[in-house]
Amino acid sequence: MKIDRIETFLLESPIDAPFGWSQGWAAKRQALVCKLTTSDGIVGWGEGGGSPSQTVVHEIFAPILLGREPGNINAVWHSLFHLLHNDNLATGFGGGALSAIDIALWDVAGKRAGKSVSKLLGGSLRDRVAVYATGLYYAEGDDRSRLIAEAEPYLSAGYKGMKTKIGGLSVKDDVDRVAAIRAAIGEDVYLMVDANKAYDVSTAIEMGNRLADLDIHWLEEPVLANDVEGYLAVKSGQPLRVAGGEVWYNRFDARDFLSRRAVDIAQPDVRFIGGISEFRNVAATANANGIQVNPHVWGSPIMISASVNLTATFAPCPYAHAPRPYEQEPVMEFDQTPNPIRDELASSTFGARDGYVDVPDGPGLGIEIDETVLERLCIRKAESVVE
Ligand code: CA
């Protein structure tokens, strides 16, 4: 069996109402989807972050991927990473491109073996994965009643935790906003805040101290994403757990954060970190350092399935007789913002029940891509084929 064809599809969909965070406003959603077709007709799907990753797939990877046996994922992964490493492209869009290929290779391997990705990874430790609701972004003409109206369905759906944004308003206004959410949802639900890198160290420390009375479970991306010293300073200067890592692109990006315990919670994204293969390496290193791994998940059903399959295999951190989500069990992000790509691209969608998502057991990623939707949402397609 050989890789015969590599296709990538940059998908884009407008959304009805824009939503905001500290760095901008979303008026559309995008995803970069990769389709690998083998010589005996198996199709594997992958997803990678960043639209420029499409160029890396076809210009850098395709020449050594086409005609290659896809079964030895490890060998393929390392030969691709070696190319990126030599070109100093191992982070950023290189990592996004490698993620897309790696996820597709695992899907191919699972379909070939008739096993789910979690089974190929050695098997699940749990039948379902705990998830929290990500939403409560900024909105135009925002007011407290809109926020509370958004939070209520998360409660009634059984989510045990939810996450909101900070960093888009003044410290005082953001604290008031978070306090309004806490008052509305009560004391029994985990509430997390995400600054998306909006602060310098002293402002992040001020924010963490001001939010401490609101029982906030973690403070996410308080400062610049690669600032290990900044993270350590924020950790020591305020009482909230500090989370980060959604834009790590390989184990070397993650290394100092994990070995120096600069985060309490690591949040790699399978679209960026180098796919399923490298996520597993980073998750094991985090676990060895006593750091929770709660994956960043904000994309199509392809990366959602890859993330659930991975999270199902993560060891508790630390071990416990009956590990609990948010304490020892991993908790995966579950994006609630408008995203037609997430909702329409696969013939079945992932639904949360009582704060959990079932681990898929179909071969590979266990999802069927609707290629009519794929073509309809595609704004830029590229293809590399065996001559
Ligand atoms: Ca985030």
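Residues numbered from 1 in each chain as written. Predicted model: local features only at pLDDT ≥ 70, side-chain atom pairs only at ≥ 80, totals over all residues. Heavy atoms only, no water.

J.: I tried to follow the coordination of the calcium ion on my own but got confused; where do I start?
T.: Around a metal, the idealised angle for a tetrahedral arrangement of four donor atoms is 109.5 degrees; for an octahedral arrangement of six donor atoms it is 90 or 180 degrees. In the first shell of the calcium ion, the protein supplies D194 (OD), E220 (OE) and E246 (OE), at 2.2 to 2.3 Å from the metal. Between consecutive donor residues of the calcium ion, the sequence gaps follow D-x25-E-x25-E. Here E220 is found in strand β8 (residues 216-220), whereas its partner E246 is found in the loop between β9 (241-244) and α9 (251-259), with 26 residues between them in sequence. You can call E246 buried: its relative accessible area is 9%. (Donors = N, O, S within 2.8 Å, 3.2 Å for Na, K, Ca; no water. Helix = DSSP H or I, 4+ residues; strand = E, 2+ residues; numbered from the N terminus. Buried < 20%, exposed > 50% of the residue type's maximum accessible area, 1.4 Å probe, protein only.)

J.: I'm lost on the domain arrangement of the chain in this one. Help?
T.: By the assigned domains, the chain splits into domain 1 (3-114 + 371-385) and domain 2 (119-358). Domain 1 and domain 2 are separated by 24 Å when their C-alpha centres are compared. At the interface, 42 residues of domain 1 touch 43 residues of domain 2. Contact between domain 1 and domain 2 buries roughly 3100 Å² in total, counting both sides, with carbon and sulfur atoms accounting for 67%. Counting the surface domain 1 buries against domain 2, the share from its top three residues, R29, E47 and W106, is 22%. Counting across the domain 1 and domain 2 interface gives 21 residue pairs in polar contact (both at pLDDT 80 or more). Looking at the side of domain 1 that touches domain 2, the elements that each hand over two or more residues are β1 (3-21), β2 (24-38), β3 (43-48), α2 (73-86), α3 (93-113) and α13 (371-377). Of the residues in the side of domain 1 that touches domain 2, the class split is 21 nonpolar, 16 polar and five charged. (Domains from an automatic or database assignment. Contact = heavy atoms within 4.5 Å. Buried area = accessible area lost by both parts, 1.4 Å probe. Polar contact = N/O pair within 3.5 Å; in protein donor to acceptor, adjacent residues only side chain to side chain. Nonpolar A, V, L, I, M, F, W, Y, C, P; charged D, E, K, R; others polar.)

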